[in-house]
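Listed below, chain by chain, are the residues.
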Amino acid sequence: MNLFRSRLFGLPALVLLISATGCSSADDSASAAVPSPDTKVTKLCQNLDERLPPKVDGLDREDPEPRSTLTAGWGGPAIILRCGVEQPAEMLDPKASTTEVNGVAWLVQEQDDGSYVFTTGLREAYVEVAFNKEQAAKGAGPLVDFAEPIKKAIPEGIAD
């Protein structure tokens, strides 16, 4: 009877261990906070999502969790795009680092961990592209892959 009882009580512990392992965050899937823009910007972002390339800088599209037409990713967590983000405060700083890539203006923000965040300016919706540290070390070349889709989907102007 003791053998049966120890197996019976051991079973829930085994099930719990298997469940916890299955839900572990040890996988390499990326996550991204989904922006919550107004209806107009959401439609622009959905339009952008339809135009985004299947590959960026040779990396396959692998969208982050939770799935949304406002977020996209390439190469696991290497490159994450979020559309409809708030205007970064740094964008108002005249000394902020900016660049233009194929007709799209970007605010450049280096993060403490060596990663970079680029945010479009002079468009009716803000689009943010984040490169992890490893991708950032390769340079900002992937912004070229985003230029045409952004120009076609997000009109020039000032976001509300």
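The model shown is predicted, which means the values in this text are computed figures rather than measured ones.

Regarding the overall build of the protein chain
Reasoning step 1: A count of helical and extended segments in the protein chain gives 4 helices and 8 strands.
Reasoning step 2: Sequence separation of at least 24 residues holds for 54% of the intrachain contacts in the protein chain that already meet a minimum separation of 6.
Reasoning step 3: For the protein chain, the exposed surface amounts to about 9,500 Å²; the carbon and sulfur share of it is 55%.

Quick word on the sheet that holds strand β6 (residues 104-110)
Reasoning step 1: Taken in spatial order, the 6 strands make up an open sheet running β3-β4-β8-β7-β6-β5, and their pairing is antiparallel. Of all the strands in the sheet, just β3 (71-74) and β5 (98-101) have a single pairing partner and so form its edges. Between one strand axis and the next, the sheet turns by 25° as a mean value, whatever way the strands run.
Reasoning step 2: Strands β3, β4 (79-83), β5, β6, β7 (116-121) and β8 (127-131) of the sheet are contacted by helix α4 (residues 143-153), whose axis makes an angle of about 135° with β6.

Observations concerning the side chain of S115
Reasoning step 1: Positionally, S115 belongs in the loop between β6 and β7.
Reasoning step 2: By relative accessible area, S115 is classed as buried at 11%.
Reasoning step 3: A polar contact is formed between the side chain of S115 and the side chain of D113, at a distance of 2.5 Å.
Reasoning step 4: Apart from residues lying up to four places away in sequence, S115 is in contact with Q109, E110, F131, N132, K133 and A136.

Description of the pairing of β8
Reasoning step 1: A large share of β8 lies buried, amounting to 4 of its 5 residues.
Reasoning step 2: Where β4 and β8 come together, 5 bridges link them in antiparallel fashion. Across the sheet, I79 pairs through a bridge with F131, a residue of β8.
Reasoning step 3: Looking at chain direction, β7 and β8 are connected through 4 bridges and run antiparallel. Pairing of F118 across the sheet is with V129, part of β8.
Reasoning step 4: In sequence, β7 turns back onto β8 through a hairpin of 5 residues, with L122 there showing a positive phi of about 60°.

Here we look at the nonpolar core
Reasoning step 1: L48, L81, W106, F146 and I154 are the most contacted members of the largest nonpolar core, which has 29 residues in total.
Reasoning step 2: Secondary structure elements with two or more residues in this core: α2 (39-51), β3, β4, β6, β8 and α4.
Reasoning step 3: The element that contributes the greatest number of residues to this core is α4, accounting for 5 residues.
Reasoning step 4: Apart from the residues within four sequence positions on either side, F146 is in contact with L52, V56, W74, I79, L81, W106 and V129.

Observations regarding the packing of aromatic side chains
Reasoning step 1: Using the criterion set out here, one finds 4 aromatic pairs in the structure.
Reasoning step 2: Taking 5.2 Å as the distance between ring centres and 65° as the angle between the ring planes, the aromatic pair formed by W74 and F146 counts as edge-to-face. Highlighted residues: W74 in strand β3 and F146 in helix α4, separated in sequence by 72 residues. With respect to burial, W74 and F146 carry one shared label: buried.
Reasoning step 3: With 5.1 Å between their ring centres and 55° between their planes, F118 and F131 make a pair best called tilted. Taken together, the positions of F118 in strand β7 and F131 in strand β8 put the pair 13 residues apart, joining distant regions of the chain. You'll find F118 and F131 in the same group, each marked buried.
Reasoning step 4: Chaining the aromatic ring pairs together yields one cluster made of W106, Y116, F118 and F131.

What counts, and at which threshold
Sequence order sets the numbering: in each chain, residues are counted from 1 along the sequence as written. Given that the model is predicted, a residue must reach a pLDDT of at least 70 before its local features are reported, and side-chain atom pairs must reach 80 or more before they are shown or counted; all residues, however, enter totals for whole chains, interfaces and linings. With hydrogens and water set aside, each side-chain value is computed from the structure's full complement of heavy atoms. Only DSSP runs of H or I with at least four residues qualify as helices, and only runs of E with at least two residues qualify as strands; both kinds are numbered from the N terminus onward. By definition in these notes, contact holds between two residues if any of their heavy atoms fall within 4.5 Å. Surface accessibility follows the Shrake-Rupley procedure with a 1.4 Å probe radius. Residue values consider only the protein chains on display as shielding. Any two strands with at least two DSSP bridges between them are considered paired. An axis is simply a line fitted to the C-alpha atoms; with a helix, the fit covers only the stretch in contact. Between two such axes, the angle follows the N-to-C directions and lies from 0 to 180 degrees. Each residue is assigned to one of three classes by its accessible area relative to the maximum for its type, calculated with a 1.4 Å probe on protein chains only: buried under 20%, partly exposed between the two thresholds, exposed over 50%. Polar contact is the term for a pair of N or O atoms within 3.5 Å; when the atoms are in protein, one must be able to donate a hydrogen and the other to accept it, and sequence-neighboring residues count only if both atoms are side-chain atoms. What makes a nonpolar core is a set of buried Ala, Val, Leu, Ile, Met, Phe, Trp, Tyr and Cys residues whose side-chain atoms join them at distances within 4.5 Å. Each aromatic pair joins two rings of Phe, Tyr and Trp (for Trp, the six-membered one) with centres within 6.5 Å, and gets the label stacked for planes under 30 degrees apart, edge-to-face for over 60, and tilted for any other angle.

So far we have only geometry, and geometry alone does not tell us how the molecule works.
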